Amino acid sequence: MFSHEDLSRMQAQSLKMQGWIRQQTYSPQMEKTLRRFSSWELGELIFRVNQSTLRGRMAADPSLPQGLVEEDGRQRWFTLEEINDLRRKLKINRKSLMPVRPAGKRAIRAAIANFKGGAGKSTVALHFAHAAALDGYRVLAVDFDPQATLSHSMGLSDVAEEFTVWGIMARDLIRETERMNAAARGAESGASLPQRRLPAQITEMGLADLRAKDFIKPTSWPTIDIIPSCANAAFVEFASAQYRHLNPEWSFFASVARYLDTLPADAYDLVIFDCPPAIGYQSMNAVFAADVLYIPSGPGYWEYDSTTSFIGQLGEALGDLSQFAGIVPAGTMQLPKAFLDVRFLLTRYEPNNDLHRAMYSAFKKVFNDRVTENPIEMTRAVEQSGRFLSSIYETDYREMTRETWRRARGSFDRAYEEFRGHLLAAWDKLETES
């Protein structure tokens, strides 16, 4: 027989191992740090300009960041801050190195979602966030998954549940209830409308007084912030059901959208959601806040079957929530929910595997051009980066053969470039911020 006390002891033992793993993965201070990037990476993979041209420009202008020179003098190594400083100051052939961003618009939001576990959602979210940062974009990652894989991969481990998506939702419940009560008191009819009351254990947590920036944590990447998750946030599904009972008119699914709408329009360029492997209160918040829906799937039949079920159940859930039309505060969003783009991305793909090629063909026949042209290939480097909670972009190419590293990075680069293209097209359709 095993009770909750036995489970707690198991967790305590596992936490000790978790600490040991972090010691092997992170710096001695138990903090994840970002490596430097070589001048070879800077020229060929990041700026995509001739290395000799880049070296010449830096030699001609000593005020530009010069990087850290290796003892043999062959390579210079740059921090991401130095890379972005170069990006702002340099023009190559009169062309700016700054990334494309539509003027006057808020950050574009993309949800990486599928309720099939192991589809690669966290891996995709992590790599796309890192690729976008190397591209010069400012990224906000939002971890909706209580497994907190994305948070751990970003170097966050000690996270209090009130600073997760659950805290945002509970804060929204309090504020929305107060708004509804104020509207009821101000009704012109003079009728005594019922006041919605929340229990003290919710109102006295201090969440209503938290500022928007209190939920946002920095990462080891200077241009990536995250709203993290933690295992204790797993109870959000149960708590949210209780909250809906306390205030049935609370549009729970709009909580994160309302929160993000309070951030300055130019605070970030890209917001990436890592969704849990389920359709629930957290995942519905993610898809309602998203402009673009990216659905990763493995290349097998069962993954195809699960993805088919996912889009069907998600469609039904979004349809059911259309009943809130007219209840959601004006300006938050329009119902029914519509995405600017929906794409399917195959992960763990092996191009020489007959089954994988057949399933890719099946996806294309059903979803046509909604299927991305560049699946993410399964390589040894990808497997290794997943084991050590890091992306291929964080991995120093000197830790393996350069060809192995380049093959893995090339797969993610191509997938990201296609992702960026879809986002830019969707970004153009967004309304300009007033």
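The numbers attached to residues start from 1 for each chain and follow its sequence in the written order. Local features in this predicted model are restricted to residues of pLDDT 70 or higher, and side-chain atom pairs are both shown and tallied only at a pLDDT of 80 or more, whereas totals for entire chains, interfaces and linings draw on every residue. Each side-chain value is derived from all of the structure's non-hydrogen atoms; neither hydrogens nor water enter the calculation.

The name recorded for the protein in an unreviewed UniProt entry is AAA family ATPase, from Plastorhodobacter daqingensis.

Once that is clear, we can look at the nonpolar core. With 62 residues, the main nonpolar core has Leu140, Tyr259, Phe273 and Met284 as its most contacted residues. Per-element tally for this core: the top contributor is helix H7 (residues 165-185), with seven residues. Contact criterion: two residues are considered in contact whenever any of their non-hydrogen atoms come within 4.5 Å of each other. Not counting residues up to four positions away in its chain, the partners in contact with Phe273 are Arg109, Ala110, Ala111, Ile112, Val142, Phe144, Leu260, Ala286, Ala289 and Ala290. Within the second largest apolar cluster, 61 residues are counted, among which are Ala125, Leu134, Met154 and Val159. To define a nonpolar core, start from buried Ala, Val, Leu, Ile, Met, Phe, Trp, Tyr and Cys residues and group those joined through side-chain atoms within 4.5 Å. A 1.4 Å probe rolled over the protein chains alone gives each residue an accessible area, and that area as a share of the maximum for its type sets the label: buried under 20%, exposed over 50%, partly exposed in between. Secondary structure elements are taken from DSSP: a helix is a run of H or I of four residues or more, a strand is a run of E of two residues or more, and numbering for both begins at the N terminus.

Attention shifts here to helix H2 (residues 39-46). Note that an α-helix has 3.6 residues per turn; residues three or four places apart therefore point the same way. Here H2 lies mainly inside the structure; seven of its eight residues are buried. Regarding H2, the residues found buried are Ser39, Trp40, Glu41, Leu42, Gly43, Leu45 and Ile46. Just downstream of H2 lies Arg48, where phi reads positive at about 60 degrees.

Take the packing of H7 against helix H9 (residues 236-246) next. Here, axes are lines fitted to C-alpha atoms. For helices the fit covers the stretch in contact, and angles between N-to-C directions go from 0 to 180 degrees. Packing of H7 against H9 brings their axes to within 11 Å, and their N-to-C directions diverge by 5 degrees. Considering the angle they form, H7 stands roughly parallel to H9. Packed against H7, whose contacting residues are Trp166, Met169, Ala170 and Leu173, the element H9 presents Val236, Ala239, Ser240 and Tyr243 at the interface. Here the contact of H7 with H9 is built from residues that sort into seven nonpolar, one polar and no charged. What sets the label is the angle itself: under 35 degrees gives roughly parallel, over 145 gives roughly antiparallel, 65 to 115 gives roughly perpendicular, and the rest give oblique. Each residue gets one of three labels, nonpolar for Ala, Val, Leu, Ile, Met, Phe, Trp, Tyr, Cys and Pro, charged for Asp, Glu, Lys and Arg, and polar for the others, Gly among them.

Further remarks concern the sheet that holds strand S6 (residues 108-112). Spatial ordering of the open sheet is given by S8-S9-S7-S10-S6-S11-S12, a layout of seven strands whose pairing is mixed. Sheet topology places strand S8 (217-218) and strand S12 (341-346) at the edges, where each strand pairs with a single neighbour. Following DSSP output, two strands are said to pair if at least two bridges run between them. Bridging between strand S11 (residues 292-297) and S12 involves six bridges; their strand directions are parallel. Looking at the pairing, Leu293 lines up with Val342 of S12. Contacts from helix H12 (residues 301-320) reach S11 and S12 within the one sheet, and its direction differs from that of S11 by about 155 degrees.

Turning next to the packing of aromatic side chains. For any pair of aromatic rings, geometry is given as the distance between the ring centres together with the angle between the planes. Only centres within 6.5 Å qualify two rings of Phe, Tyr or Trp (six-membered ring in Trp) as a pair; their planes then separate them into stacked at under 30 degrees, edge-to-face at over 60, and tilted for everything else. One pass over the structure, following the stated rule, counts 25 aromatic pairs. Taken together, a centroid distance of 6.4 Å and an interplanar angle of 50 degrees make the contact between Tyr137 and Trp427 tilted. Separated by 290 residues along the polypeptide, Tyr137 in the loop between helix H5 (121-134) and strand S7 (139-143) and Trp427 in helix H15 (residues 402-429) bring together distant segments of the chain. The buried category is assigned to Tyr137, whose relative accessible area is 5%. The exposure class assigned to Trp427 is buried, which follows from its relative accessible area of 2%. By way of ring pairs, the aromatic residues Tyr243, Trp250, Phe252, Phe253, Tyr281 and Phe288 are connected into one cluster. Criterion for a charge above a ring: Arg CZ or Lys NZ at most 6 Å from the ring centre, at most 35 degrees from the ring normal. The side chain of Lys217 reaches across the aromatic face of Phe163, ending 4.5 Å from its centre. Positioned over the ring face of Trp40 is Arg402, at 4.2 Å from the centre of the ring.

In this section: the pairing of S11. Buried residues dominate S11, accounting for six of its six residues. Judged by which residues are buried, S11 turns out to be covered on both faces: Val292, Tyr294 and Pro296 on one side and Leu293, Ile295 and Ser297 on the other are all buried.

Take Asp135: it is sitting in the loop between H5 and S7. Separated by 2.7 Å, the side chains of Asp135 and Tyr416 make a polar contact. Those residues in contact with Asp135 that lie beyond four places of it in its chain are Arg87, Pro99, Tyr416 and Arg420. For this analysis, a polar contact is any N or O atom pair within 3.5 Å, provided that within protein one partner can donate a hydrogen and the other can accept it, and provided that sequence-adjacent residues contribute only side-chain to side-chain pairs.

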